[in-house]
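Architecture at a glance
Residue-level listing of the chains:
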Amino acid sequence: MKTFKIHIVFSCFFIFSFLSCNQKKEQKVETIAIDQAEIKLDLLDLQKKNKLGKDTVVTIANDPVYHKAKKYKAVSASVLIKNEIDLTKIDPKNTKIVFECIDGYKPEMPLNLFLNTKPYLAFEDVDAPKGAKWEPIIKNGNEMNAAPFYIVYPSVSEKDTQYKWPYNLVKIYLKPLNESTIELYPLKNKKLEVGYTLFKNQCITCHSINGIGGTMGPELNAPKSVTEYWKENELVDYIVNPASFRNKVKMPTLGISKKQSQEIVDYLKYMSENKKKS
């Protein structure tokens, strides 16, 4: 098990809800040190060893992936984690759960939030066509499969963006909550904090910077930054509406404004000058 020691330096982080930032008050710089091991659960391996736990059937009133009521065969995800990991040896308040999917999608959320909501790990779709384990997912004209696992929440609204619903799930990681902050936060230019926050909330699950983030979409900073080969105005427009540039594009419409997209591009330009040294 590899141990990560992370010293995180940050200034005043403001509340951001996909709108423009509020005026910030000056605060003293704080330093938080987290010394915690990265923990990984290989779900396919646990399934092979018959260690997922007791199965049940759960109902989702309005599934955010299928956009209708669904039923799944599933096991309690919180019980599974507690059975496999000694949570007394970590600090749940300073820990995040990261979901690794087959397609490279890597959403994450605070561990406490996840454990306190009775999440389930679905392994079969009760409503699937005869002879199949899962009903196909149709998204932007593309057909996908939720197998082998899908995280669902019977008691959570599909509109609550705090909760992640990853399908194609294969592995779960527990990592320090602010693991990537020291690497990606724009310490040299605090004015870019808006773009950083937008990138963290909207982009990092699919794209990486300096190797940090998801792999569903391309790396955005190495060896060349996307800002080094895209025209800036077109990149801003593409982030707002990818479908206006490409048919059957996999990148979703994020629902952000052109101003917010420019904030992301400004942050990416900053990171282009802060590539990770090999």
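Residues numbered from 1 in each chain as written. Predicted model: local features only at pLDDT ≥ 70, side-chain atom pairs only at ≥ 80, totals over all residues. Heavy atoms only, no water.

As a further point, take the overall build of the chain. The secondary structure content of the chain amounts to 7 helices and 14 strands. Each of the 278 residues in the chain was classed as buried or not, and the buried ones make up 45%. For the chain, long-range pairs separated by at least 24 residues make up 65% of all intrachain contacts whose partners lie at least 6 apart in sequence. Total accessible area computed for the chain in this model is approximately 15,700 Å², and 50% of it derives from carbon and sulfur atoms. (Helix = DSSP H or I, 4+ residues; strand = E, 2+ residues; numbered from the N terminus. Buried < 20%, exposed > 50% of the residue type's maximum accessible area, 1.4 Å probe, protein only. Contact = heavy atoms within 4.5 Å. Areas by Shrake-Rupley, 256 points an atom, 1.4 Å probe, with all protein chains shown as cover.)

Turning next to the packing of helix 6 (residues 232-240) against helix 7 (residues 258-272). Two elements in contact, helix 6 and helix 7, have axes whose closest approach is 9 Å; the angle formed by their N-to-C orientations is 125°. By the angle between their directions, the pair helix 6 and helix 7 is classed as oblique. Crossing of helix 6 against helix 7: the hand is right-handed. Residue-level inspection shows E232, L235, V236, D237, I239 and V240 of helix 6 in contact with helix 7, the latter providing K258, S261, Q262, I264, V265, D266 and K269. (Axes fitted to C-alpha atoms, helices over the stretch in contact; angles between N-to-C directions. Parallel < 35°, antiparallel > 145°, perpendicular 65-115°, else oblique. Left-handed = near helix turned anticlockwise from the far one by under 90°.)

In this model, the chain carries a mean pLDDT of 84, and residues with pLDDT of at least 70 account for 85%. The low-confidence segment residues 1-36, where pLDDT is below 50, has 77 contacts with residues more than four positions distant or belonging to other chains. (pLDDT = per-residue confidence, 0-100.)

Y72, I97, F114, L121, Y150 and L169 are the most contacted members of the largest nonpolar core, which totals 43 residues. Those residues in contact with F114, other than ones at most four positions away along the chain, are A77, I81, I97, F99, M109, P119, I151 and Y153. One finds I239, L254, I256 and M271 within the second-largest nonpolar core, a separate group that totals 23 residues. (Core = buried A, V, L, I, M, F, W, Y, C linked by side-chain atoms within 4.5 Å.)

Moving on: the environment of T59. Within the secondary structure, T59 sits in strand 4 (residues 55-63). The spacing of T59 and K70 is 11 residues in sequence and 5.8 Å in space, taken between C-alpha atoms. Among all residues touching T59, those that are not within four sequence positions of it are K70, K71 and P154.

Moving on, we come to the side chain of N168. Within the secondary structure, N168 sits in strand 12 (residues 167-176). Looking at N168, the relative accessible area reads 11%, which means it is buried. At 2.6 Å, the side chain of N168 forms a polar contact with the backbone oxygen of N145. Non-local contacts of N168, meaning those with residues more than four positions away in its chain, are made with E100, C101, I102, D103, N145, A146, A147, P148 and F149. (Polar contact = N/O pair within 3.5 Å; in protein donor to acceptor, adjacent residues only side chain to side chain.)

Here is the key point about a regular strand: its side chains alternate between the two faces of the sheet. Residues of strand 3 (residues 39-42) alternate between two faces, with I39 and L41 buried on one and K40 and D42 left unburied on the opposite face. Relative to strand 12, strand 3 is paired through 4 bridges, and the arrangement is antiparallel. Within strand 12, the position partnered with L41 by the bridge is I172. (Pairing = 2+ DSSP bridges.)

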